[in-house]
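Each chain is listed here by its residues.
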Amino acid sequence: MASQTTGRAHHPVLVVMGVSGSGKSTVAGILAGALKWDLQEGDDLHPEANVAKMAAGQPLTDEDRWPWLDVIAEWITDHTTTGRSGIVTCSALKRTYRDVLAAGSREGSEVIFVHLAGTKDRISGRLNARMDHFMPSSLLDTQISTLEPLGEDENSIVVDIGPPPTKIAEHILLELEKRAGMSESH
């Protein structure tokens, strides 16, 4: 588990990211409950055409993703400009996507990418076990090949998905507390 930071967030928006099946919705829900922050499920913001395409086993193109990412970026900007903390789930697979999402950040209101990282075998097992999602496990390879590692300059927390979701959330909460303490000492 690694973390990188570019500063303290007074009203952070967490983007819980990773490939499908990494546990974004579960971990984000636990975090939102613990922090009493707004929660937005990124998948709920997909246009119907994207959902249909993925349900049919077709990977999304950048052209498919941009309108979706713009809607998520608007949600983030709404929160950061009004000083409200929040959590949104989004695969955020490419650096260019994350740059769009982080563009709504301003001083005192930072976007923090929380990458739930795991092995292909572990994630594939999770995808095969779930029944209530439009994303088929057949698209996992495409997502893994599209995923670009977080850069050193990206405000991020990387967490291994091996432990139970409550332990993952506890780790993230501890990291956020640590960052808050570091900022207050400056």
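Preceding block: the structure.
A brief look at the structure comes next. Worth saying up front: this structure is predicted, and the values here are computed from it rather than measured. (Residues numbered from 1 in each chain as written. Predicted model: local features only at pLDDT ≥ 70, side-chain atom pairs only at ≥ 80, totals over all residues. Heavy atoms only, no water.)

**Describing the overall build of the protein**
Operational definition: A run of H or I in DSSP becomes a helix once it reaches four residues, and a run of E becomes a strand once it reaches two; helices and strands are each numbered from the N terminus. With a 1.4 Å probe rolled over the protein chains alone, any residue whose accessible area is under 20% of its type maximum counts as buried; one over 50% counts as exposed, and the rest are partly exposed. Residue contacts follow a heavy-atom distance rule, with two residues in contact if any of their heavy atoms lie within 4.5 Å. Using a 1.4 Å probe, accessible areas were evaluated by the Shrake-Rupley method; residue-level cover was limited to the displayed protein chains.
Along the protein, the regular secondary structure elements total 7 helices and 6 strands. In the protein, the succession of helices and strands from N to C terminus is β-β-α-β-α-α-β-α-β-α-α-β-α. Buried positions account for 44% of the 186 residues belonging to the protein. Once local pairs closer than 6 in sequence are excluded, the contacts in the protein between residues at least 24 apart make up 79%. With the model as given, the accessible surface of the protein reaches about 8800 Å², and the carbon-plus-sulfur share is 53%.

**A short note on the nonpolar core**
Heads up, the rule is: Grouping buried Ala, Val, Leu, Ile, Met, Phe, Trp, Tyr and Cys residues that are joined through side-chain atoms within 4.5 Å yields what is termed a nonpolar core.
Ranked by size, the top nonpolar core spans 41 residues in total, and within it Val 15, Leu 31, Ile 76, Leu 101, Leu 116 and Ile 172 carry the most contacts. Looking at this core element by element, the count peaks at 6 residues for helix α3 (residues 62–81).

**Let's talk about the packing of α3 against helix α4 (residues 95–102)**
Applied cut-off: Between N-to-C directions, angles cover 0 to 180 degrees, with each direction set by a line fitted to C-alpha atoms, over the stretch in contact for helices. Each angle gets one of four labels, with under 35 degrees taken as roughly parallel, over 145 as roughly antiparallel, 65 to 115 as roughly perpendicular, and the rest as oblique. With the far helix as reference, a near helix turned anticlockwise by less than a right angle produces a left-handed crossing, and one turned clockwise produces a right-handed crossing. Classification convention: Asp, Glu, Lys, Arg as charged; Ala, Val, Leu, Ile, Met, Phe, Trp, Tyr, Cys, Pro as nonpolar; all other residues, Gly among them, as polar.
Running from N to C, α3 and α4 cross one another at 30 degrees; their axes reach a closest spacing of 8 Å. Classified by the interaxial angle, the pair formed by α3 and α4 is roughly parallel. The chirality of how α3 crosses α4 is right-handed. Here α3 contributes Asp 62, Arg 65, Trp 66, Leu 69, Asp 70, Ile 72, Ala 73 and Ile 76 to the contact with α4, which in turn contributes Thr 96, Tyr 97, Val 100 and Leu 101. Each residue belonging to the contact of α3 with α4 can be placed in one class, and the counts come to 8 nonpolar, 1 polar and 3 charged.

**Concerning the pairing of strand β5 (residues 111–117)**
Put simply, side chains in a regular strand alternate between the two faces of the sheet. For clarity, the cut-off: Strand pairing is assigned whenever DSSP identifies at least 2 bridges connecting the two strands.
Within β5, 6 of the 7 residues are buried, which leaves the element mostly enclosed by the surrounding structure. Two strands pair when backbone bridges link them, and strand β2 (residues 13–17) and β5 are joined in this way by 5 bridges, in the parallel orientation. In the strand pairing of β5, Met 17 is matched with His 115. With 5 bridges joining them, β5 and strand β6 (residues 156–160) adopt parallel strand pairing. The residue of β6 that forms the bridge with Ala 117 is Asp 160.

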